Amino acid sequence: MISCNVSSSYQSHQQGKIKELPLLETEVLQVHAPPFVTKESVSSETKGQDHAPAFTRIQRRRSFIKKKRGRPGTANGEAAKGSDGWGGTTEDISVPKDLDLIALPQLCFPGGLQIASEQREDSYHYLVFTDVFGNRTHAVVVQYYRPIQVGCHFNYCSHQSSRLYTAYGICVISKYPYYNALRDCLSCLLSQLKPSWMGDFEERVKEFSAKLALVPIPPPGQLHVVFSLRPLQIGLPSREDKDRPAVDLDLHLPFLCFRPRQLLQIITSLLTEQRVVLFSCDWARLTLLAESLMLFIHPLVWQHPFVPVLSSQMLDFLMAPTAYLMGCHLHHYEEVAAETDDLILVNIDDGIVSSSSSDGVDLPDVPLAARECFLTRAEGLQMHYDLDVCHLGSSTDVNDQRAQRRQWQRKLNTHIQNITLELIVNIFREVHHHLNYEHRVFNSEEFFRSREPADQPFFKKVLDTHIFHSFLRDRLNRKMDAFTRMEKIRVSSKQNAVHSSFNFCDRTLIGLKSPQKPVRCFKLPEFPPPLAYHYVQNYYQEMITLLDKAISGVAFEDSSLLACYHYLRGFVNTVAGKRLDALEDFQNLYKTDTDIFPGELVNALVDSLQDGERAQANRRTEIKRLISRVKKDHERERTCHDDEAVKRFQLPKKHMQLEDFVRHVQESGIVKDQGTIHRLFEALTVGKEQKQVDPDLFRVFYTFWKETEAEAQEVALPASVLEHLEANECVFKLSSSVKTSHGVGKIAMTQRRLFLLTVGRPGYVEITKFRDIEEVKISSAPFLLLRIPSLKIKTTLRKETFEVNLKSEVDLWHLMVKEMWAGRKMADDHKDPQYMQQALTNALLMDAVVGCLQSQKAIFAATKLAHFDRMKLEVPMMVPKTTSETLKHKINPSLDRTSPQAVDVLLYTPGQLGVSFDTEGDGNPKLWCALSDGKVVVFDAASWSMQQSQLQVGSSRVNCLLGVDRQQVWIGSQDSVIYIISTRSMSCNKQLTDHRSEVTGLALGDPKVAYSCSAEGTVMTWDVSTLQVRKQFRLSCDRLQSVQLCSGTLWCCVEKWNVDSAVMCYVFQKEQLWTACIDIGELCVWHLAELTKPFQRIQLPDCAGVTCLIKVKNQIWVGGRSSGKSRGKIYVVDTQRHTVEKELVAHTDCVQALCSAEDRYVLSGAAREDGKIAIWKVE
């Protein structure tokens, strides 16, 4: 916080005879910047004194006092101070390097400074300063008038003195946009300055500055800071999260100045990066409106010059060729409009948006659906405070009235932010469909073509802007900001509505309301009377004591509020010099809310530790652990930066080997799967000596693919045809008009069937569903003296064979139908719908290959893509009857990835009835699936649809998952951290960092106790409610594998390196212990009372080793691998007869994980070659 005092320079005007009040030159009188109180000042200045003065000579290094030039007397006769002590001869001692003392006076008096002949009202306005890196600081300026005595030096009186008034400006500068709060602070200061002597002026301003420097900024979250600056209580609102600025202004002001349609015009001008100039007669409105607009487009960030207030001397800034947002006084309107073209002119006072061009405003409309949603929501805003409180009585306490007004404003601001955020989400919500995260590519052409024709002019301008490029970079970095959170709510609410049988189409826009969190206020103690070092330290200690009391009164369930208190106490401990206590507070954020962890501050705090403090830190385990982690994270950030570049998809210009071909196909968005792309490469390089694809061929292939895709989307089927198709069924391929055994028409192929679209009056004739096909072959039909190639399709539901004269298309259709038939059979046999989707992709790629090659080898090339048809011929994949009867469904957690990922761990969490979606999630049961590198995928277990495509918990392998009290999922990682995910918000904002090596096991005792173990042998008992370690011990072993609780006893599975076959998994069944080893295909059954040797050994047929065991009802389900070809096998063992009841084969790789879904289903996950999850019925 910096405060500046600005006044007029009138010495030169005293010497001349003037007839009118002139515009005067402004000068800076004082600059004050923290620190105002230092420890050194005590030793050097206060020896022999009871207390230090408010400011010492050493403290004056951070103050600047302008040399005076013969100041006239004040109204109360006080003369200017001399050269003693704080004398007027003081020169510039130290000025903050970022403060421009030349421009600042102009901005404090943007309309110029003029002596007044009568007292004027105080006037406030607001400023924003931006440095070369785009960092903004904010300021509030107050102008107030003091009388001066003028005698015969002025021409106003020849015989008697006349009273005139000169303006003083006080400017408070802060890194945070606390406009209302700083205005209130200045109002309190003026109430003290006006009745005081001029000689007290400097000391009062210094004291005011020093007090504000003692106020801590509230952390992100729900905790506001309140302090008393007599006569007012002033509140500092917190930021909602780290990515949002604090909102301390009235966001409804733009809605009072403009109609919603005009606001959309202004927002459009910002999104399209126009040169925008705001005009008003009131300087305060300029910044408040500009800052509101910045919040309206959040999380998009304005990338260009942002100068809401231009003084009269700065109007040449408007000639800048780049986009900008600037503001100036309304009386410059005509001048600016005449001098500069292509400006968007926004008249705040009259509510008019115009252009300086003769053609008028040429701005594209916001996309229709988003525009209509915004206009509807804006109409419902209740923006009149008096109407809302007219039923209430008058408060006799001004601070109560202000608190009531702030609460009303906060509620309205939240509503407005939801409306404007929803506007941004509705405009850009389909962008992620056209992003390739692996290669950081945005396919702008495809996105543009997918927009409605009426919306394309808007996107044509937006897609090339810096602001949109920055937005894309955040999407590719998977940034969890307000846009992402609202998009998740929108998708989840849509899915929830679908489950409730409510029909939503893809382009439906939903009005969303995010619940407003309750706000708590922390009241700071009264400021110390003398601002000496030891008094300030006492003030900090009092604040810490109050925070101690607040923390003790917060239930741990309210962890976000607890995190705010710890953050605030850590900050106060930092400025009080208690670095170790501060680090301990910041360490507590791992268990309460990691989202607000101040990484940069903590890293700087660690660097500032003295040798003695470092020695103490090494003796305090928690702090030592924090320092180690902060340094590791800092190093990782320095060495591993995300590739910030966002590439636009471009067709290749060089010949491509396989690796380059894979990358370009994935960037194009045609297909992601590497296996499919490899087969496509083989198809396009058939007959070539050099296996490479030339750019011309790729361009033709890509063009044909996109044209075919567009043609399929444009197929308009009449209602009489659509009623025969399922809801999500679409036509993907349409033949030319042909003669068939059912009449003349076009053959249409969907993902489920073939049908004939008759010509003339379009009608529907069913040919066959792919699962009903019995035989497909090429034949010939007589036509006059010729034989025309035809396709014959025999089905199981009809005796007669369907025949169609496809002529030159017959070979391609033959290949496509056979591939779809084979894919359908694979999907039905394996209960895996992805096979059908993959077969459809193969068929469409065949079509594109034949279309781009246009040669005799085209059909042969297309056969390279007949993947499932070839599998059916080469290796008939018959699914055993027992497997087919037990298998219910298969899902693929690697659906959005370029290759399958191993399923390392599975966890099922039951649903909750009567749960409110808005506040507690959807309440449906969930399946949690841990993949490689800390990725967790979540499925809705009610529909088996993917709910969360990726939760990132660290970057190491996940070893274990545990559901805790239905509100948390604990994730044990190889990086020694236990990550805690909230099942409501589906976000990870808590971590347990007490383990020193990889976490290998988790177990739940009673609802309030959990156990964890790590590889080096440490076992910890956790209090679930407080996340504190109750006790811990360490086992002597080579590796601790897992822990389980049985009948009050904690069992630990350890590995001994000198033992040939170590137990890898175990379960309990009544009084028995069942164990298995990873390299032996048998189960050992032990009596818990006699553990010297197993009393029963159960051999598992064709089993090379066991990887997982679970107990379901009276069965033990065993996951492992076969002894021959590495295939996953599951054995179902009866616990009473000790026999293998079922032998299930459904994975092409080893079974790595098993879990039970309420004893109704068992879910199995396989290693990387398979990477799928099978869902089995339990009998």
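Each chain carries its own residue numbering, running from 1 in the direction its sequence is written. Only residues with pLDDT of at least 70 get local features here, since the model is predicted, and only at 80 or more are side-chain atom pairs given and counted; chain-wide, interface and lining totals rely on the full set of residues. Note that water and hydrogens are dropped before the side-chain values are worked out from all heavy atoms of the structure.

For the chain, an unreviewed UniProt entry supplies the name DENN domain-containing protein 3 and the organism Oncorhynchus kisutch. Under the UniProt heading Subcellular location (unreviewed entry), the entry covering the chain gives this text: "Cytoplasm". UniProt positions are given in the numbering used here, feature names are shortened, and annotations may be inferred rather than shown by experiment. Of the comments in the UniProt record for the chain, the one headed Subunit (unreviewed entry) reads "Forms oligomers. Interacts with 6 of the 7 known isoforms of 14-3-3 proteins."

A. Quick look at the sheet that holds strand E13 (residues 343-347). Pairing in this open sheet of five strands is mixed, and the strands run E11-E12-E10-E13-E14 from one edge to the other. Edge positions in the sheet fall to strand E11 (306-307) and strand E14 (352-355), since each has one partner strand and no second. In this scheme, strands are said to pair when DSSP sees at least two bridges between them. Helix and strand labels come from DSSP, where a helix needs a run of H or I of at least four residues and a strand needs a run of E of at least two; each type is numbered from the N terminus. Direction of pairing for E13 relative to E14: antiparallel, over a ladder of four bridges. If you follow Val346 over to E14, its bridge partner there is Val353. The strands that helix H6 (residues 260-271) touches are strand E10 (275-280), strand E12 (324-329), E13 and E14; relative to E14, the one it contacts most, it runs at about 40°. Across the sheet, helix H7 (residues 283-296) touches E10, E11 and E12, and the angle it forms with E12 is around 160°. Note on contacts: a residue pair is in contact if any heavy atoms of the two residues lie within 4.5 Å. For helices, the axis comes from a line fit to the C-alpha atoms of the stretch in contact; other axes are also lines fit to C-alpha atoms, and the angle between any two N-to-C directions lies between 0 and 180 degrees.

B. Representation of the confidence of the model for the chain in the model. Looking at the chain as a whole, its pLDDT mean stands at 85, while 87% of the residues score no less than 70. Across the chain, the element-wise mean pLDDT spans from 46 in helix H31 (residues 917-920) up to 97 in H7. Predicted confidence for residues 10-19 stays below pLDDT 50, and this span has 18 contacts to residues more than four positions away or in other chains. Under a pLDDT of 50 for its full length, residues 498-510 has, in the predicted model, 25 contacts with residues more than four places off or in other chains. As a per-residue measure, pLDDT tells how confident the predictor is, with possible values from 0 to 100.

C. Structural view of the nonpolar core. Throughout, nonpolar core names a set of buried Ala, Val, Leu, Ile, Met, Phe, Trp, Tyr and Cys residues whose side chains join them through atoms within 4.5 Å. Summary of the burial criterion: residues with accessible area below 20% of their type's maximum are buried, those above 50% are exposed, and those between are partly exposed, where the area comes from a 1.4 Å probe applied to protein chains only. With 176 residues, the main nonpolar core has Phe227, Phe428 and Trp970 as its most contacted residues. Residues in contact with Phe227, not counting those within four places in the same chain, are Cys185, Leu212, Val215, Leu232, Gln233, Ile234, Leu236, Leu524 and Phe527.

D. Representation of unusual backbone geometry. In this structure, Pro231 follows Arg230 across a cis peptide bond, with omega equal to 15°. Inspection of the secondary structure puts Pro231 in the loop between strand E8 (223-229) and strand E9 (232-236). In this structure, Pro299 follows His298 across a cis peptide bond, with omega equal to 10°. In this structure, Pro299 sits in the loop between H7 and E11. Despite not being glycine, Trp944 shows a phi value in the positive range, around 60°. Tracing the chain through its elements places Trp944 in the loop between strand E29 (935-940) and strand E30 (945-952).

E. Summary view of the pairing of strand E50 (residues 1161-1166). Summarising burial for E50: six of the six residues are buried, a large majority. Neither face of E50 is exposed, since Tyr1161, Leu1163 and Gly1165 on one face and Val1162, Ser1164 and Ala1166 on the opposite face are all buried. In the sheet, strand E49 (residues 1151-1157) pairs with E50 via six bridges, with the strands oriented antiparallel. Its bridge partner being in E50, Ala1153 is matched across the sheet by Gly1165. Bridging between E50 and strand E51 (residues 1173-1177) involves five bridges; their strand directions are antiparallel. Paired with Val1162 across the bridge in E51 is Trp1176.

F. Geometry of the environment of Tyr1131. Checked against the element boundaries, Tyr1131 lands in strand E47 (residues 1128-1134). Exposure remark for Tyr1131: the relative accessible area of 0% places this residue in the buried category. Through-space distance from the C-alpha of Tyr1131 to that of Val1118 is 5.0 Å; in sequence the pair is 13 residues apart.

G. Spatial organisation of the packing of aromatic side chains. Between the rings of Phe, Tyr and Trp (Trp by its six-membered ring), a pair exists once the centres lie within 6.5 Å; its type follows the angle of the planes, with under 30 degrees stacked, over 60 edge-to-face, and the other angles tilted. One pass over the structure, following the stated rule, counts 31 aromatic pairs. Measuring from centroid to centroid gives 6.4 Å for Phe522 and Tyr565, while their planes differ by 80°, and the two rings are edge-to-face. Highlighted residues: Phe522 in strand E17 (residues 520-523) and Tyr565 in helix H17 (residues 559-575), separated in sequence by 43 residues. Accessibility expressed as a relative area gives 4% for Phe522, which makes it buried. For Tyr565, a relative accessible area of 6% gives the class buried. Three or more aromatic residues joined by ring pairs form one cluster here, namely Phe428, Phe442, Phe447, Phe458, Phe459, Phe468, Phe471 and Phe483. The ring centre of Phe459 lies 5.9 Å from the NZ or CZ of Arg451, which sits over that ring. For a Lys NZ or an Arg CZ to count as sitting over a ring, it must be within 6 Å of the ring centre and within 35 degrees of the ring normal.

H. Summary view of the pattern of salt bridges. Only one rule defines a salt bridge in this text: a Lys or Arg side-chain nitrogen within 4 Å of an Asp or Glu carboxyl oxygen. All told, the structure shown has 55 salt bridges when counted by the stated rule. Glu774 is the salt-bridge partner of Lys794, the closest N and O atoms lying 3.5 Å from each other. Here Lys794, found in strand E24 (residues 786-795), pairs with Glu774, found in strand E23 (residues 773-783); they are 20 residues apart in sequence, far enough to count as distant. Judged by relative accessible area, Glu774 falls into the partly exposed class, the value being 41%.

I. The pairing of strand E2 (residues 23-32), seen in detail. With eight of 10 residues buried, E2 lies mostly within the body of the structure. In this structure, E2 lies alongside strand E4 (residues 113-114), joined through two bridges in antiparallel fashion. Considered in E4, the bridge of Leu24 is made with Leu113.

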